[in-house]
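Architecture at a glance
Here is what each chain is made of, one letter per residue.
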Amino acid sequence: MSDQLYQERIVALAKAKVGTGKLAAPTKSARRDNPLCGDRVTIDVRLDGQGKIAEIAHQVRGCLLCQASASALASVAVGRDAAGIAALRHDAERAVGREEGEAAEPFAAFTPVSAHKSRQECVLLPFETLKDALS
Amino acid sequence: MSDQLYQERIVALAKAKVGTGKLAAPTKSARRDNPLCGDRVTIDVRLDGQGKIAEIAHQVRGCLLCQASASALASVAVGRDAAGIAALRHDAERAVGREEGEAAEPFAAFTPVSAHKSRQECVLLPFETLKDALS
Amino acid sequence: MSFSVAAVRGQFPILSQIIDGRPVHYLDNGASSQTPDTVLNAVRAYETTGRANVLRGVRHLVLADREASEERADVAKFLGVPPMEIVFTGGCTAAINLVAYSYGSLLQPGDRVLLSELEHHSNIVPWQLLRARAGIEIDMIPVTADGRIDLALLPRLLTPKTKLVSLAHVSNVTGAMVDVGAVVAAAKSVGAKVMLDGAQRAPHGPLDLPALGIDFYVFAGHKAYGPNGVGVLWAKAALLDAMPPFMGGGSMIGRVTFAETTWAPAPRRFEAGTPPIGPAIGLGAACKWMQALDWTGAHAHEMAMVQHLMDGLQKIDGARIFGPAGLQNRYPVVSFTLDGVHPHDVAQTLDSFGVAVRAGHHCAQPLMDRFDLDGTTRVSMAPYNDGSDIDAFLSGVRYAAKTLR
Amino acid sequence: MSFSVAAVRGQFPILSQIIDGRPVHYLDNGASSQTPDTVLNAVRAYETTGRANVLRGVRHLVLADREASEERADVAKFLGVPPMEIVFTGGCTAAINLVAYSYGSLLQPGDRVLLSELEHHSNIVPWQLLRARAGIEIDMIPVTADGRIDLALLPRLLTPKTKLVSLAHVSNVTGAMVDVGAVVAAAKSVGAKVMLDGAQRAPHGPLDLPALGIDFYVFAGHKAYGPNGVGVLWAKAALLDAMPPFMGGGSMIGRVTFAETTWAPAPRRFEAGTPPIGPAIGLGAACKWMQALDWTGAHAHEMAMVQHLMDGLQKIDGARIFGPAGLQNRYPVVSFTLDGVHPHDVAQTLDSFGVAVRAGHHCAQPLMDRFDLDGTTRVSMAPYNDGSDIDAFLSGVRYAAKTLR
Ligand SMILES: Cc1ncc(COP(=O)(O)O)c(C=O)c1O
Ligand SMILES: Cc1ncc(COP(=O)(O)O)c(C=O)c1O
């Protein structure tokens, strides 16, 4: 077996399930579908007075990559506003090889996805959804 | 040059132009188009009391094969009824190789057409048209 | 003539290749089959020599030759019908759209078309577009828990307004074959026509369409060992003759003036423009190839693989087959889910084992919705597959079950 | 990079063949061109290896790869447009029908479409079918005695109701190129969109469509050194986005339920079902091949052949060229008649000299009617033709003139 996409760290991130579920009283919510594969991400956020994320929860109906990405994102999202999330997205884009440069943790785990162009959307879908929720 | 379709006899039949033109007072007329190539044949006949052809004229807007066939047909049509024309058609079909057996004159001239499947309709169009005129 | 997997495999150049250091275990035939040498050579011969011959000479040569072409005859023989009832289209989807536009234009507002819940989008969306254009209604036969069209409900769903029943001959998700006799009997009792979408049936051997009593049949070249870019519509000559053209263009006409245009007879009426000649020649060769195969042997082989695969899956904890449990009235398409692992992740893992399968909704979203599935992983076999393909597949699923949950 | 006929000829396997003991003088490129090795190899590589690679793995792999495919990029580059504005269709005729069905469904009864008298049936009949469906009107620009669209009449024929002007970029009968700038300026003044049928222009080198100011462009793969079974529609993204789907099926959808279906964005919205992947890959390779050719040299060579041919014909008693006399704004398509000899008989005689041309109405019956022609004999050249082809052609015409009248 070669060409291992699901390396331990990605599987671990998915299994960690950071932030899975719903919020009781979200400030904002968003849902995104990837019509190509049917992956669906729903994200709830509670914002503080400055528009920063105070609490986040996600429901992913999708593959391991999408689950792992949502989990990784939830683990570092609290305290950030839209600009802060956009900055994180660059790490994910770097990890999957869409931008130049080193990816910071936790998104560096997604480096194997750079060889799988068509799966990169799976990693980015939670970012798209959170961006919708924050705008 | 090989594969000579337009042998002298076919060209001679076409140039003979037997029966080209219109009849002043036709008993019956018919027109047929070959939509595939645009050939068009119009035939006028004057019939006697027994339904036999007393006079025939044709206008061909089409290729040499069609002209030659109309000319050959006109040269032997007088005195025949529908059944007689149908009998002649077998000669043409034999000449172009669609039926077994020897073709009688004048249609034996069309033997080279047997190697050109797609041109056989050109030879048969005047027969189709005359059949319409007689029915 | 007797069936030998090895002999069949030898005719498919792709199967002897080593890709990324591994043999190819190609189990995605429902999406697109592979092509045998004989098809590749027929297309290449056309492209390198025939392209001049066919086109040489005068205009009507081309048209006449095309109507009476060998490939039309070979496809017709495969379906058991006269050549002039074969219409070449751009694909199976294009063939269904042709019927929806042309036959569909003869329907009245309030007329009904009956589909099933397991149809491929290609047999749903054209009718939705027709509904929007022409005010027809769409009814839908539900599916049983084991993935078959539930014909028990057919009598209640057929009405005198039902003009067409259009169903998958074999489901591309569950592999179930519909009971054509029952459908035809019920449809005829209300005067409805019957169309079968044969995309998943045609790759498994010759047919006798007149014996089925149906009105329309469609299938795709690229799923039946032929090239991409060609499909087939069959209908009885009288039915084709009653249908108006779909697309307009060269060679489907009688005579064109700006005031008025007359139509050529079928099949030309439905083949506007230069047809996909190369792909059609390839499909003719594919039909001839299928015709020459021992399908009694091939079908037994296919069903043995299905049994092997189902036995193996049953031993994997949380693997659930979505489709008929037995081998009766089914073809070698098997869908399954693995508890706790997303179908795409199963497919991705299999990919890294050199096993090609398909995961997702299989263009059957209504079916997925009905059973509340995220999708399934689908294995679809052809006569050239063998036990080693199934074993590689089962190893991959076991690995996914162990590592991904 | 400089143009060498010999080097180009060497890339076309068919041109070095001896058929019936004679070299091939292929002068019927307007019907279908020949294909270079690079195209044949690209298609074969797909069929023998890619067919597994492309299809391997999970479902969205295929769709994503297809949208961002190399062939879409190569075709786009050839036309000077973004890849996502390229829609692959089954052919040029299918592309025009797509516009007539989809853009056509946005028209109101009484809206007008302006064509010309020299259009190919593929750019007439789809509009007649639309007229029958939707109550639009068709107007028609006359043609001058030398076979050009008579743009002097354009201002009078355009009305505020004119929504589309659809014209052959280059005539498949006379070789005349339309003055696109004049058409666009006039059409825009009444708010009409402009479509060009590029079937006969695309085989003669890269284009810069945005610079032309038009709205739609279509062409056929098999006339532009690619395979049969594929064509291209180009339109600006905003225009495509505003258009409803034409055919329904797999991969053109967002989400399908029985109640309602949402559409994918363009180009997928217009590519229902499995697209002609192999043919599209071949067309991509053909566009790349054209892109690499020295067209300054190739065009000069083509025009020198036209001159050679016209000079030769002028010396034959009763030969009359139907089309522009000069070389300005024309492409290497030349129609002629020979007094007293039917066009089919000219073509048949040429055939026996090993020269392939086309005779008949060329799917332009209205043009033939207008000039009261039985048809013409048409010579259509490509960069791989040479003086020996023209000489063989002229010998054949002289022989026909001598023996057949
Ligand atoms: C049952 C069924 N119908 C229709 C189709 C559509 O075929 P195509 O995409 O080749 O047009 C498919 C395959 O995708 C299918 O499996
Ligand atoms: C000017 C023109 N338009 C359209 C077409 C139609 O192309 P196709 O038959 O490949 O669809 C042709 C060729 O036949 C043509 O010459």
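Regarding the overall build of chain A
The number of helices and strands found in chain A is 4 helices and 3 strands. Sequence-ordered secondary structure for chain A, helices as α and strands as β, is α-β-β-β-α-α-α. Expected size for 135 residues packed as a compact globule is a radius of gyration near 14 Å; at 14 Å, chain A falls within 12% of this value. Along the first, second and third principal axes, the C-alpha atoms of chain A reach 50 × 30 × 25 Å. Residues counted as buried form 48% of the 135 residues belonging to chain A. Within chain A, contacts between residues at least 6 apart in sequence are counted, and of these 59% link residues at least 24 apart.

Let's talk about the packing of aromatic side chains
Working definition: an aromatic ring pair is given by the centre-to-centre distance plus the angle between the planes. Residues and elements named next belong to chain C. Here the structure, examined in full by the defined rule, presents 28 aromatic pairs over all chains. An angle of 50° between the planes, with centres 6.2 Å apart, marks the rings of F78 and F219 as tilted. Residue F78 is located in helix 4 (residues 70-79), and its partner F219 is located in strand 9 (residues 216-220); the two are separated by 141 residues in the primary sequence. Of the two residues, F78 and F219, neither departs from the other in class, the shared state being buried. These aromatic residues form a ring-pair network of at least three members: F12, Y225, W289 and Y384. Positioned above the aromatic ring of Y101 is the side chain of R133, whose terminal nitrogen or guanidinium carbon lies 3.8 Å from the ring centre.

Points about the confidence of the model for chain C
Predicted confidence across chain C gives a mean pLDDT of 93, with 95% of residues reaching 70 or more. Per the prediction output, this complex has pTM 0.93; the corresponding ipTM is 0.91.

Brief notes about the site of ligand 1
Inspection of the region around ligand 1 gives 13 residues, with T93, D197, H222 and K223 of chain C together with T274 of chain D positioned closest. Neighbouring residues of ligand 1 are not confined to one chain but are distributed across chains C and D. One of the side-chain N or O atoms of T93 of chain C is found 2.6 Å from an oxygen atom in ligand 1. Taking K223 of chain C, its side chain carries an N or O atom lying 2.7 Å from an oxygen atom of ligand 1. Taken together, the residues of the shell around ligand 1 break down into 3 nonpolar, 8 polar and 2 charged.

So, the interface of chain C and chain D
Between chain C and chain D, the contact holds 90 residues from the first and 90 residues from the second. In this assembly, chain C packs against chain D so that about 7,200 Å² is buried in total across both faces, 56% of it on carbon and sulfur atoms. Joining chain C to chain D, the criterion identifies 2 salt bridges. Linking D369 of chain C and R255 of chain D is a salt bridge whose minimum nitrogen-to-oxygen distance equals 2.5 Å. Remark: the boundary between chain C and chain D carries 24 residue pairs in polar contact (both at pLDDT 80 or more). With 11 residues, the single largest contributor to the side of chain C that touches chain D is helix 2 (residues 37-53) of chain C.

Notes on the pattern of salt bridges
Should their charged atoms come close, side chains of opposite charge can pair. Residues and elements named next belong to chain A. Summed over the entire model, instances satisfying the criterion amount to 48 salt bridges over all chains. A salt bridge links D33 to R40, with the nearest nitrogen and oxygen atoms 2.7 Å apart. Overall, the relative accessible area of 32% leaves D33 in the partly exposed class. Connected through shared salt-bridge partners, R32, R89, E93, E128 and D132 make up one network.

Examining the site of ligand 2
By nearness alone, 13 residues border ligand 2, and T274 of chain C together with T93, D197, H222 and K223 of chain D come closest of all. More than one chain lines the surroundings of ligand 2; the residues nearby belong to chains C and D. Between H222 of chain D and ligand 2, the recorded distance is 2.7 Å, taken from a side-chain N or O atom to an oxygen atom. The contact in question runs from an oxygen atom of ligand 2 to an N or O atom on the side chain of K223 of chain D, over 2.7 Å. Starting from 390 Å² of accessible surface for ligand 2 in isolation, the protein chains cover 94%. Across the shell around ligand 2, the residue classes tally to 3 nonpolar, 8 polar and 2 charged.

Topic: the sheet that holds strand 3 (residues 53-61) of chain B
Residue and element names in this part refer to chain B. As summarised here, the arrangement of the 3 strands in space is 1-2-3, forming an open sheet in which the pairing is antiparallel. A single partner strand is all that each edge strand has here, and the edge strands are strand 1 (28-33) and strand 3. For this sheet the average axis-to-axis angle between neighbouring strands, irrespective of direction, equals 15°. In terms of strand pairing, strand 1 meets strand 2 (residues 40-47) through 6 bridges, oriented antiparallel. Its bridge partner being in strand 2, D33 is matched across the sheet by R40. On the sheet, helix 2 (residues 64-77) packs against strand 2 and strand 3 and is oriented at approximately 175° with respect to strand 3.

Things to note about the domain arrangement of chain C
Reports of interface size often rely on the accessible area that becomes lost once the parts have come together. Residues and elements named next belong to chain C. Taken domain by domain, chain C holds domain 1 (5-30 + 294-403) and domain 2 (39-291). Distance from the C-alpha centre of domain 1 to the C-alpha centre of domain 2: 28 Å. Counting residues at the interface gives 34 residues for domain 1 and 31 residues for domain 2. Carbon and sulfur atoms make up 60% of the area that domain 1 and domain 2 hide from each other, which totals about 2,600 Å². Linking domain 1 with domain 2 are 1 salt bridge, by the criterion used here.

Digging into the relation of the copies chain C and chain D
Laying chain C over chain D is done by rotating through 180° and shifting 0.0 Å along the axis; what remains is an RMSD of 0.0 Å. Seen this way, the second copy is the image of the first under a two-fold rotation axis. Looking at chain C, 100% of its interface residues are interface residues in chain D too, so the copies touch through the same face.

Notes on the pairing of strand 14 (residues 333-338) of chain D
Residues and elements named next belong to chain D. The buried fraction of strand 14 is high, at 6 of 6 residues. Residues V333, S335 and T337 line one face of strand 14 and the alternating positions V334, F336 and L338 line the opposite face, and both faces are buried. Sheet topology places strand 13 (residues 319-322) next to strand 14; 4 bridges connect them, and they run antiparallel. Residue F322 lies in a different strand from strand 14, and its bridge partner there is S335. Bridge count for strand 14 against strand 17 (residues 376-380) is 4 bridges, and the pairing is antiparallel.

With respect to the nonpolar core
Within the largest apolar cluster, 80 residues are counted, with the highest numbers of intra-cluster contacts made by W127, F216 and L233 of chain C together with W127, F216 and L233 of chain D. Sequence-distant contacts of F216 of chain C, defined by excluding residues within four places in its chain, comprise V99, Y103, L164, K193, V194, M195, L196, L233, W234, A235, L239 and M243 of chain C.

Describing the environment of G326 of chain C
Along the polypeptide, G326 of chain C turns up in the loop between strand 13 (319-322) and strand 14 (333-338). The exposure class of G326 of chain C is partly exposed, given its relative accessible area of 37%.

Here we look at the pairing of strand 8 (residues 193-197) of chain C
All names here are of chain C. By the criterion of burial, strand 8 is predominantly enclosed, with 4 of the 5 residues buried. Examined bridge by bridge, strand 7 (residues 162-168) and strand 8 share 5 bridges and lie parallel to one another. Among the inter-strand pairings, A168 is bridged to a residue of strand 8, identified as D197. Note on the crossover from strand 7 through helix 8 (residues 180-189) to strand 8: the handedness is right-handed. Looking at chain direction, strand 8 and strand 9 are connected through 3 bridges and run parallel.

Considering the sheet that holds strand 16 (residues 358-360) of chain C
Residues and elements named next belong to chain C. Pairing in this open sheet of 4 strands is antiparallel, and the strands run 13-14-17-16 from one edge to the other. Edge positions in the open sheet fall to strand 13 and strand 16, since each of these has one partner strand only. The average undirected angle you get between the axes of adjacent strands in this sheet is 30°. Strand contacts of helix 15 (residues 387-403): strand 14 and strand 17 (376-380), with the helix running at about 15° to strand 14, the strand carrying the most contacts.

Examining helix 6 (residues 125-134) of chain D
Three or more residues of helix 6 of chain D are buried, namely V125, P126, W127, Q128, L129 and L130 of chain D. Immediately downstream of helix 6 of chain D, the backbone of G135 of chain D shows phi near 70°, a positive value.

Describing helix 5 (residues 92-102) of chain C
Burial analysis of helix 5 of chain C places 11 of its 11 residues in the buried class, the great majority of the element. What helix 5 of chain C keeps buried is the set C92, T93, A94, A95, I96, N97, L98, V99, A100, Y101 and S102 of chain C. Contacts from the buried residues of helix 5 of chain C go to strand 4 (86-89), helix 6 (125-134), strand 8, strand 9 and strand 10 (231-235) of chain C together with helix 5 (92-102) of chain D.

What about the arrangement of the chains?
Inter-chain contacts occur across 5 pairs of chains; the most extensive set of contacts lies between chains C and D. Looking at chain A next to chain B, you find no contact at all, with the nearest C-alpha pair sitting 45 Å apart.

About the thresholds
- Residues numbered from 1 in each chain as written.
- Chains lettered and ligands numbered in written order.
- Predicted model: local features only at pLDDT ≥ 70, side-chain atom pairs only at ≥ 80, totals over all residues.
- Heavy atoms only, no water.
- Helix = DSSP H or I, 4+ residues; strand = E, 2+ residues; numbered from the N terminus.
- Rg over C-alpha atoms; globule rule 2.2 N^0.38 Å.
- Buried < 20%, exposed > 50% of the residue type's maximum accessible area, 1.4 Å probe, protein only.
- Contact = heavy atoms within 4.5 Å.
- Phe/Tyr/Trp six-rings, centres within 6.5 Å; stacked < 30°, edge-to-face > 60°.
- Lys NZ or Arg CZ within 6 Å of the ring centre and 35° of its normal.
- pLDDT = per-residue confidence, 0-100.
- Near = heavy atom within 4 Å.
- Polar contact = N/O pair within 3.5 Å; in protein donor to acceptor, adjacent residues only side chain to side chain.
- Nonpolar A, V, L, I, M, F, W, Y, C, P; charged D, E, K, R; others polar.
- Buried area = accessible area lost by both parts, 1.4 Å probe.
- Salt bridge = Lys/Arg side-chain N within 4 Å of Asp/Glu carboxyl O.
- Areas by Shrake-Rupley, 256 points an atom, 1.4 Å probe, with all protein chains shown as cover.
- Pairing = 2+ DSSP bridges.
- Axes fitted to C-alpha atoms, helices over the stretch in contact; angles between N-to-C directions.
- Domains from an automatic or database assignment.
- Least-squares fit on C-alpha atoms with pLDDT ≥ 70 in both.
- Core = buried A, V, L, I, M, F, W, Y, C linked by side-chain atoms within 4.5 Å.
- Right-handed = clockwise from strand over helix to strand, strands pointing away.

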